[in-house]
Amino acid sequence: MKIDHSLPLEYSTEENRLKIFGFWIFLGAEIMLFATLFASYFTLYNRTGSGPNGAEIFHITPVLLETILLLTSSFTIGLGVHAMRLGRQKAMMGFFVVTLLLGLAFLGVEIFEFVTYVHEGAGLQTSAFTSILLTTLGTHGAHVTVGLFWGLYILIQVKRDGLTPETGNKSFIFSLYWHFLDVVWIFIFSFIYLKGMM
Amino acid sequence: MEFFERFAIPHPSIAIYASMVAAGLTMIAVIAGLTYFKKWGYLWREWITTVDHKRIGIMYLISALLMLFRGGVDAIMMRAQLAVPENKLLDAQHYNEIFTTHGVVMILFMAMPFIIFFMNFVVPLQIGARDVAFPRLNALSFWLFFMGAMLFNISFMVGGSPDAGWTSYFPLADGESVGSHYYMIAIQIAGIGTLMTGINFITTILKMRAPGMTLMKMPMFTWASLITSVIIVFAFPVLTVALAMGTMDLLFGTQFFTLDNGGMAMLWANLFWVWGHPEVYILILPAFGIYSEIISTFSRRNLYGYKSMVGSMVLISLLSFVVWAHHFFTMGQGAFANSIFSITTMAIAVPTGVKIFNWLLTLWKGKIEFTTPMLYSTLFIPLFTLGGVTGVMLAMSAADYQYHNTMFLVAHFHNVIIPGVVFAMLAGLTFYWPKMFGFMLNEKIGKWTAWLLSIGFLLAFMPMYVTGLDGQARRMYTYSESTGFGPLNMVSFIGAAIMAVGFVLIVYNIYYSVRYASRDISADPWDARTLEWATHTPVPEYNFAITPEVASSEALWDVKKKDHVLFKGDYEKIHMPNNSGVPFIMSCIFFAWGFSLVFSLWIPAIITTIGIFVCMTLRSFEKDHGHYISVKEIEDTESELRGA
């Protein structure tokens, strides 16, 4: 395998460059996936049937907490990738651990939020609005859950192998994924929660 | 016993029991044959675990041909039922199931794998690459598609087939039998495979071209594959979401497409066609690419209007996303929306027309040689244009109130899909057959096939335009004698039977050519123009011993005519990916997962979900650096292939 040392670690081999490029294309597909969910949400959000509408079930506190947790985690993973490029494995791993913990906390709040919704009579089967709300949030939450496992696996591999072109590449791609989830959340926060609370 | 009742078929008939026996016997014969000839190891090592794009391509081809016959039998049964008025061959339910599976199988499990076969086999060779960008992912794509197709195909024997049409509109697609569950889940599994194919080929084409091959020097089929892949990546996630929502409605009682609690059945129709219309262009653009290659090869001329060919495909791909509502002009979205979608739909005729004229101008003053692939291509031009013209008729939203849901529509889309896609697949199959297998298909039988299919096609579908305008509704299992549709439907049946003979001739042609065709052919038997013909036949594992250097879009032709040199330099060791059984195993688990969901078997569903994640975890931790082919091995292979 030819390693080009003039490039950052994650780009240093041909295979690495292909993987990063392919992942960007995958993110394009993910954008379409969430765009479809948002389009469906905007179609269905005032079709509440006999169930509650957004203003009745949304609470600012857990949502704000989730936003802070996820946005901070996006910042820390950025620091992690920066540390990786400086070759500082310990710092990189530290930032990744913080990122995953923040992600876990986010997920905890989201699960609490879902339980609250169901208690308030906004379950998956209540109305078209609650179905699409919980599906859109749930798809994002499922992505975060997968990301937690994925990030954990990468951490174990960095610990096992050190910072190699391979682990560097995986870490970088994971960071792209994580940032993407953050972007999706910004849309969820603005167009589902804030708009729904107005 | 109660547990097993769910697997019973709701509307049994002799035909279904007979196919169960036939399917069982075929399975036993295949297993016995593999055991008797001791081919299990060979099958596992050389095919099931392969990551070679050429072999994956051939597996796509085999699946597509199998599905062609499955869907073809459905078609013959439908035409036989409608051949005479008030026929009792099939009952209404059975007819519903058959037109549904015919549509799904032909579009998603025949045409899709057929075009992906061409993309797999041809594109890496055409751009001078050693494989696709992600060979292992490619294997996973194939096996997911295959398992999705198999899951869908067992539906008529286990639990009952879907019966709500290939569009599966809600609320018609209710959970009365498990048919709609099969539809949602089987297509989901296959669709994920297709999405990954799209990602794979965008990366391959944009990042792995031979030195010198700029974007505007790519062969036309590669261009078509690139644009198709882009459409796949942007259209298939919509299907993923729509199918997931449909599955949740059926299995978990959500309210997306229901009739009360705010549900909106039209949302399904919109989402379905936001995917479904680009899907049509996913099928036709690679077909256009194949025609471009064939017409330019057998006219012995460069393709006329290369840039406008590329431009028109880009335009078609953009327009394909803004026409979806023309599938339901009569469903009440109002005159304004209908007008917009009318105009965008008609606009597609412009770039398509540009392509037709470019092909005609390529033929103009060419030294035309009528081989079988060329015969298909020249039959395609007038027949497809006919379908295009009726498409513009259908695009007029006011007039569509007359055509909607009649046989006129059925005639139209078969008129574009059969001469457009199916002829391209058969032309391409004949064209690339020698590159795959080292001998040519018989030309005489091939030409007979082309003519039979064309005549059969005209007899089968032209009468439908007439009965459709007279008001014969599609998807009706019978009609009364007083309608007067009887004679024309009999003509359709005869046409369908002639087409069936044509398809049987293809099988005979393969059998005949395997036995009698000469093995002594060159690596470039058609005197073709692009890189795939510059390597040996059979193509070695690494495709090209030395990466070619390209100076034009007709790289090989310019070697022949302008003394270009493709292969400069010496052999170097070649890095190749390792085989892996994980894609196959993971897809088998996906099959079990899908089956469990179809029948709401929650415990197996949870276990298989965990199984899928275990496979992904193993992949994450696996260290697979591939292997190298040494210079010595390359020299040996090359001298052997050159000698042969």
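Because the structure is a prediction, the values reported are computed rather than measured. (Residues numbered from 1 in each chain as written. Chains lettered and ligands numbered in written order. Predicted model: local features only at pLDDT ≥ 70, side-chain atom pairs only at ≥ 80, totals over all residues. Heavy atoms only, no water.)

### Quick look at the overall build of chain B
- Of the regular secondary structure elements, chain B holds 20 helices and two strands.
- For chain B, the C-alpha radius of gyration of 25 Å lies close to 26 Å, the compact-globule estimate for 644 residues.
- Burial status across chain B gives 58% buried among its 644 residues.
- Put simply, 82% of the contacts in chain B that link residues at least 6 apart link residues at least 24 apart. (Helix = DSSP H or I, 4+ residues; strand = E, 2+ residues; numbered from the N terminus. Rg over C-alpha atoms; globule rule 2.2 N^0.38 Å. Buried < 20%, exposed > 50% of the residue type's maximum accessible area, 1.4 Å probe, protein only. Contact = heavy atoms within 4.5 Å.)

### Description of the overall build of chain A
- Counting secondary structure elements, chain A contains six helices and zero strands.
- Tracing chain A from N to C terminus, the helices and strands come up as α-α-α-α-α-α.
- Its C-alpha atoms put chain A at 65 × 30 × 25 Å along the principal axes.
- Scored against the burial criterion, the 198 residues of chain A give a buried share of 53%.
- A separation threshold of at least 6 residues defines the contact pool for chain A, and within that pool the share at least 24 residues apart is 79%.

### A short note on helix H11 (residues 335-363) of chain B
- With 29 residues, H11(B) ought to run about 42 Å at 1.5 Å a step, and its terminal C-alpha atoms sit 43 Å apart, in line with that.
- Looking at the residues trailing H11(B), positive phi occurs at B:Lys365, about 65°. (Expected span 1.5 Å × (residues − 1).)

### Describing the interface of chain B and chain A
- Chain B puts 36 residues into the contact, and the matching count from chain A is 37 residues.
- When chain B packs against chain A, the two sides together hide about 3,100 Å² of surface, and 69% of this comes from carbon and sulfur.
- Summed over the shared surface of chain B and chain A, the result is one salt bridge.
- Note that A:Asp161 and B:Lys623 form a salt bridge whose closest N and O atoms lie 3.1 Å from each other.
- Run the count over chain B and chain A and you get ten residue pairs in polar contact (both at pLDDT 80 or more).
- Of all elements in the fold, only helix H7 (179-207), helix H8 (220-252), helix H9 (265-299) and helix H19 (602-621) of chain B reach the threshold of two or more residues within the side of chain B that touches chain A. (Buried area = accessible area lost by both parts, 1.4 Å probe. Salt bridge = Lys/Arg side-chain N within 4 Å of Asp/Glu carboxyl O. Polar contact = N/O pair within 3.5 Å; in protein donor to acceptor, adjacent residues only side chain to side chain.)

### Quick notes on the environment of B:Tyr628
Residue and element names in this part refer to chain B.
- Mapping Tyr628 onto the fold places it in strand S2 (residues 627-629).
- Here Tyr628 falls in the partly exposed class, since its relative accessible area comes to 38%.
- C-alpha of Tyr628 to C-alpha of Gly420: the two residues are 208 residues apart in sequence and 42 Å apart in space.

### What about the nonpolar core?
Residue and element names in this part refer to chain B.
- In terms of nonpolar packing, the biggest core is built from 258 residues, with Phe109, Phe114, Trp268 and Trp359 touching the most fellow members.
- Counting residues per element, this core draws most heavily on helix H5 (residues 92-126), which supplies 22 residues.
- Setting aside residues no more than four positions away along its own chain, Trp268 makes contact with Thr167, Ser168, Tyr169, Phe170, Tyr183, Met184, Ala242, Leu243 and Phe257.
- Tyr542, Ala545, Ile629 and Ile634 belong to the second-largest nonpolar core, a separate cluster that totals six residues. (Core = buried A, V, L, I, M, F, W, Y, C linked by side-chain atoms within 4.5 Å.)

### Quick look at the state of the cysteines
Residues and elements named next belong to chain B.
- Applying the stated criterion to the full structure yields zero disulfides over all chains.
- Cys615 supplies the cysteine sulfur nearest to Cys588, a cysteine that is in no disulfide, at a spacing of 9.8 Å.
- Taking the relative accessible area as the measure of exposure, Cys615 reaches 7% and is therefore buried. (Disulfide = S-S within 2.5 Å.)

### Re the packing of aromatic side chains
Residues and elements named next belong to chain A.
- Scanning all chains against the criterion turns up 84 aromatic pairs over all chains.
- Between Trp185 and Tyr193 the ring centres are 5.9 Å apart and the planes differ by 45°, which places this aromatic pair in the tilted class.
- Its relative accessible area of 0% is what places Trp185 among the buried residues.
- A relative accessible area of 0% places Tyr193 in the buried class. (Phe/Tyr/Trp six-rings, centres within 6.5 Å; stacked < 30°, edge-to-face > 60°.)

### Regarding the environment of B:Asp524
Residues and elements named next belong to chain B.
- In this fold, Asp524 is placed in the loop between helix H16 (486-516) and helix H17 (555-562).
- Asp524 gets classed as buried once you look at its relative accessible area, which sits at 17%.
- On a C-alpha basis, the gap between Asp524 and Ala534 in space is 7.1 Å, while along the polypeptide they are ten residues apart.
- Once you skip the residues sitting within four places of it in the chain, Asp524 turns out to touch Trp533, Leu556 and Lys560.
- At 2.6 Å, the side chain of Asp524 and the side chain of Lys560 are in polar contact.

### Here we look at the pattern of salt bridges
All names here are of chain B.
- Counted by the stated rule, this structure contains 19 salt bridges over all chains.
- Taking the shortest distance from any N to any O, the salt bridge between Arg642 and Glu638 comes out at 3.7 Å. With Arg642 and Glu638 both in helix H20 (residues 631-643), this residue pair falls four residues apart, about one helical turn.
- On the basis of relative accessibility, which here comes to 6%, the residue Glu638 falls in the buried class.
- Overlapping salt bridges, with partners in common, bring together Arg136, Arg619, Glu622 and Asp624 in one network.

### Thoughts on H16(B)
- Between its first and last C-alpha, H16(B) extends 44 Å over 31 residues, near the 45 Å set by a 1.5 Å rise per residue.
- Residues of H16(B) that are buried in the fold lie against helix H4 (53-82), helix H14 (407-437) and helix H15 (443-469) of chain B.

### Some words on the environment of B:Ile62
Residue and element names in this part refer to chain B.
- Position of Ile62 relative to the elements: it lies in helix H4.
- For Ile62, a relative accessible area of 48% puts it in the partly exposed group.
- Here the alpha-carbon distance between Ile62 and Gly33, two residues 29 residues apart in the chain, equals 18 Å.

### Concerning unusual backbone geometry
All names here are of chain B.
- Cis geometry is adopted by the peptide bond preceding Pro171, which originates at Phe170 and carries an omega value of 5°.
- Note that Pro171 resides in the loop between helix H6 (135-153) and H7.
- Across the junction of Thr537 and Pro538, the peptide omega takes the value -5°, indicating a cis bond.
- For Lys38, which is not glycine, the phi torsion reads 50° and is therefore positive.
- Turning to its location among the elements, Lys38 is positioned in the loop between helix H2 (14-36) and helix H3 (40-48).
- Using a relative accessible area of 70% as the deciding quantity, one classes Lys38 as exposed.
- Here the phi dihedral of Arg300 falls at roughly 55°; this positive angle occurs in a residue that is not glycine.
- With respect to the helices, strands and loops of the structure, Arg300 is situated in the loop between H9 and helix H10 (306-319).

### Considering the packing of helix H3 (residues 60-85) of chain A against helix H6 (residues 165-197) of chain A
Residue and element names in this part refer to chain A.
- Following both chains from N to C, one finds H3 and H6 inclined at 160°, their axes separated by 10 Å at the closest point. Classified by the angle their axes make, H3 and H6 are roughly antiparallel. Every pair of crossing elements has a handedness; the one defined by H3 and H6 is left-handed.
- When grouped by side-chain class, the residues that make up the contact of H3 with H6 number 18 nonpolar, eight polar and three charged. (Axes fitted to C-alpha atoms, helices over the stretch in contact; angles between N-to-C directions. Parallel < 35°, antiparallel > 145°, perpendicular 65-115°, else oblique. Left-handed = near helix turned anticlockwise from the far one by under 90°. Nonpolar A, V, L, I, M, F, W, Y, C, P; charged D, E, K, R; others polar.)

### Details of a nonpolar patch on the surface
Residues and elements named next belong to chain A.
- There is a patch of nonpolar side chains on the surface, built from Phe42, Tyr45, Leu71, Val183, Ile186, Phe187 and Phe191 and spanning about 590 Å² of accessible area.
- Among the elements that take part in the nonpolar patch, H6 stands out by supplying four residues, more than any other.
- With respect to the secondary-structure elements, Phe42 resides in helix H1 (residues 14-44).
- Phe42 sits in the partly exposed class, given a relative accessible area of 35%. (Patch = residues over 30% accessible without salt bridge, like charges linked within 9 Å, V, L, I, M, F, W, Y side chains within 5 Å. Areas by Shrake-Rupley, 256 points an atom, 1.4 Å probe, with all protein chains shown as cover.)

### A word on the side chain of B:Gln126
Residue and element names in this part refer to chain B.
- Positionally, Gln126 belongs in helix H5.
- Using a relative accessible area of 0% as the deciding quantity, one classes Gln126 as buried.
- Filtering out sequence-adjacent residues up to four positions away, Gln126 remains in contact with Met213, Pro219, Phe221, Thr222, Glu293, Tyr432, Thr530, Leu531 and Glu532.

### Section: the side chain of B:Arg136
- Position of B:Arg136 among the secondary structure elements: in helix H6.
- Discounting residues that sit within four places of it in the chain, B:Arg136 has contacts with B:Val51, B:Ser580, B:Val582, B:Pro583, B:Arg619, B:Glu622 and B:Asp624.

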